[in-house]
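# Results of the structural survey
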Amino acid sequence: MSVQSSFGVFWVCISLSLAACGPGTNRGPSGGTHGALVDGQSELAFDLARRLETPSQNFCFSPLSVSTALGLAWAGARGSTETQLATAMHNSLSQDAYHPAAAQLLQTIQSRAVAPVTDGNGEKSVVLTAANGLWLKTGLAAEPGYLDVLSRDYDAGVQAVDFAADGAAASKTINDWVSAQTHGAIDRIFDEPLPASTTFVLANTLYFKGSWASAFHARATQPAAFHGPAGDVVAPQMSGAFDASFAEGSGWQAVDLPYVGNHLVMTLVLPAEGRFDEIRGSINAAWLDRMDAAASTQFIGVKLPRFRFSWGGQLEVTLRAMGAVDAFDAQRADFTGLSSGARIALGDVFHRAVIGVDESGTEAAAVTALVGYGSAPRTPRPFVADRPFLFFIRDRETGTLLFLGQVVDPTQT
């Protein structure tokens, strides 16, 4: 089954099963449990990144999407399936602690939304909303405790669907919901009828669109060379000078470009020429903490290529390698916490992410599918992203990584 997506400003995670088949201690809205949740999500982010990224290709995925999708499935896992999924998620919390913390974190992230404001550069806003849903095979009863978690912590609606009688209608029902929740940015997640053996579909959507706090001026954008690993390419290069949080160390520079409201930022990490692989390999959550501690507000002249690309891949093999083995084994998987009325095992796990950065802001989207199956003139300090660089869209207060990726060729699509 393939995953379909058009470019949009959201991420969406779909979880589907077929029968028988270290960050700083101040992380999180209130520290403690929330800090541990974000710590685990960050560990998952960098673990997945190192396993999935390809040095010669652009790359992007949503750690928040993947962790949320896995969390929805984990809520129904028991025994070794539960333990192994927690290991793959880098989660140290109990079920009782994890889901309320995840709910509060999602609420905090959504609170970063900014109503439209108008300045000399036009209207700016941050749109960020989430939704969850569960579609159950007709006649299959979900465990009351599982439904309680979905209702209390994820505000998920529940609907009975006869997958066996009409898989095409079932696909359309879910596709229509996804399209509505993402404002049409994703028109469907399934392009084939769901198999008759489908037992449930879990879905989570996040819709995001953010304007820069200080926009680049389109008239300053000019074609410029970008020095990629396969040779130079010419791409539209945006240019602007801003007071921004800037840090540098041995072989790298970093700058935060905030979105309106100044809660969410895109952090750009620019390795020195010839040191991209080295710096990329050294970055983790603790590295970002040290970067933040070393940063200061400086007047920075930023040159950044416009870019828009998509990335996609399957995560099942990777998640198995990270410790989640039983969840994908029809004989050993234990999701009786979700339903004891059928043997359920996960199958393929798809992820697709798209990102676009231009003069006004950022649009980013991801899909995770678990198938069970600038006063006086000043001289700006240069930050010229004319070679491969890394980016992180993150919430500064909680440390949550919404998106993570690299650009090695801004002309790739």
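Residues numbered from 1 in each chain as written. Predicted model: local features only at pLDDT ≥ 70, side-chain atom pairs only at ≥ 80, totals over all residues. Heavy atoms only, no water.

It is worth spelling out the overall build of the chain at this point. What the chain contains, in helices and strands, is nine helices and 18 strands. The buried share among the 413 residues of the chain stands at 56%. Element-wise, carbon and sulfur atoms account for 49% of the exposed surface of the chain, whose accessible area totals about 15500 Å². (Helix = DSSP H or I, 4+ residues; strand = E, 2+ residues; numbered from the N terminus. Buried < 20%, exposed > 50% of the residue type's maximum accessible area, 1.4 Å probe, protein only. Areas by Shrake-Rupley, 256 points an atom, 1.4 Å probe, with all protein chains shown as cover.)

As a further point, take the pattern of salt bridges. On inspection of all chains with the given rule, the structure shows 19 salt bridges. We note a salt bridge from R381 to E248, for which the minimum N-O separation is 2.1 Å. Owing to a relative accessible area of 30%, R381 belongs among the partly exposed residues under this scheme. Judged by relative accessible area, E248 falls into the partly exposed class, the value being 41%. Where R332 meets D326, a salt bridge forms, and the shortest distance between an N and an O atom there is 3.5 Å. Via salt bridges that share partners, D256, D292, R394 and R396 belong to a single interconnected network. (Salt bridge = Lys/Arg side-chain N within 4 Å of Asp/Glu carboxyl O.)

When helix α5 (residues 144–154) is considered as a whole, its buried residues turn out to be Y146, V149, L150, D153 and Y154. For α5, the angular spread of buried residues about the axis comes to 105°, placing them on one side. Counted as exposed and oriented over 90 degrees from the buried face of α5: P144 and R152. Buried positions along α5 lie against α2 (63–74), α4 (95–110), β4 (122–137) and β6 (198–211). D155 sits one or two positions beyond α5 and adopts a positive phi of about 50°. (Arc of directions from axis to C-beta. Contact = heavy atoms within 4.5 Å.)

A separate point is the confidence of the model for the chain. Per-residue confidence for the chain gives a mean pLDDT of 85; residues scoring 70 or more make up 90%. For the chain, the element scoring lowest by mean pLDDT is strand β1 (residues 10–19), at 30; helix α3 (residues 79–89) scores highest, at 98. The low-confidence segment residues 1–30, where pLDDT is below 50, has 161 contacts with residues more than four positions distant or belonging to other chains. (pLDDT = per-residue confidence, 0-100.)

Quick look at unusual backbone geometry now. One non-glycine residue, D155, lies in the positive phi region at around 50°. Residue placement: D155 occurs in the loop between α5 and β5 (157–161). The phi angle at N262 is positive, at roughly 65°, despite the residue not being glycine.

Before going further, it helps to spend a moment on the pairing of strand β17 (residues 389–395). Successive side chains on a regular strand alternate, one facing one side of the sheet and the next facing the other. In terms of burial, β17 is largely enclosed, as seven of its seven residues are buried. Side-chain alternation along β17 places F389, F391, I393 and D395 on one buried face and L390, F392 and R394 on a second face that is also buried. Two strands pair when backbone bridges link them, and strand β10 (residues 264–271) and β17 are joined in this way by six bridges, in the antiparallel orientation. Bridge assignment links M266 to a residue of β17, and that residue is I393. In the sheet, β17 pairs with strand β18 (residues 401–407) via six bridges, with the strands oriented antiparallel. Paired with F391 across the two strands is G405, which belongs to β18. Hairpin remark: β17 followed by β18, antiparallel, with five residues in the connecting loop; positive phi at G399, about 80°. (Pairing = 2+ DSSP bridges.)

With that settled, consider the packing of aromatic side chains. Applying the stated criterion across every chain, the model contains 15 aromatic pairs. Judged by centre distance (5.6 Å) and plane angle (45°), the rings of F59 and F61 are tilted. Since its relative accessible area comes to 1%, F59 is described here as buried. By relative accessible area, which is 1% here, F61 ends up buried. Their ring planes at 35° and their centres at 5.8 Å tell us that F307 and F391 sit as a pair that is tilted. For F391, a relative accessible area of 0% translates into the label buried. Through pairs of rings, three or more aromatic residues link up here, namely F208, W212, F216, F242 and Y259. (Phe/Tyr/Trp six-rings, centres within 6.5 Å; stacked < 30°, edge-to-face > 60°.)

Before going further, it helps to examine the environment of G313. For G313, the position within the fold is in strand β12 (residues 307–314). Considering only alpha carbons, one finds G313 and L52, 261 residues apart in sequence, at a separation of 8.3 Å. Other than its neighbours up to four places away in sequence, G313 contacts V349, F350 and H351.

Here the focus is the packing of α2 against α4. The angle between the axes and the distance between the axes are what describe a pair of packed helices. Two elements in contact, α2 and α4, have axes separated by 11 Å at closest approach and are oriented at 140°. In terms of their interaxial angle, α2 and α4 are classed as oblique. Our pair here, α2 against α4, has a crossing hand that is left-handed. Residue-level inspection shows L64, S67, G71 and W74 of α2 in contact with α4, the latter providing Q95, Y98, H99 and L106. Taken together, the residues of the contact of α2 with α4 sort by class into four nonpolar, four polar and no charged. (Axes fitted to C-alpha atoms, helices over the stretch in contact; angles between N-to-C directions. Parallel < 35°, antiparallel > 145°, perpendicular 65-115°, else oblique. Left-handed = near helix turned anticlockwise from the far one by under 90°. Nonpolar A, V, L, I, M, F, W, Y, C, P; charged D, E, K, R; others polar.)

It is the contact of helix α1 (residues 33–52) with α2, at a shortest axis distance of 9 Å, that shows an interaxial angle of 115°. Here α1 lies roughly perpendicular to α2, going by the angle between them. α2 is crossed by α1, and the crossing has right-handed handedness. Two secondary-structure elements touch here, α1 through Q41, L44, A45 and L48 and α2 through P63, L64, V66, S67 and L70.

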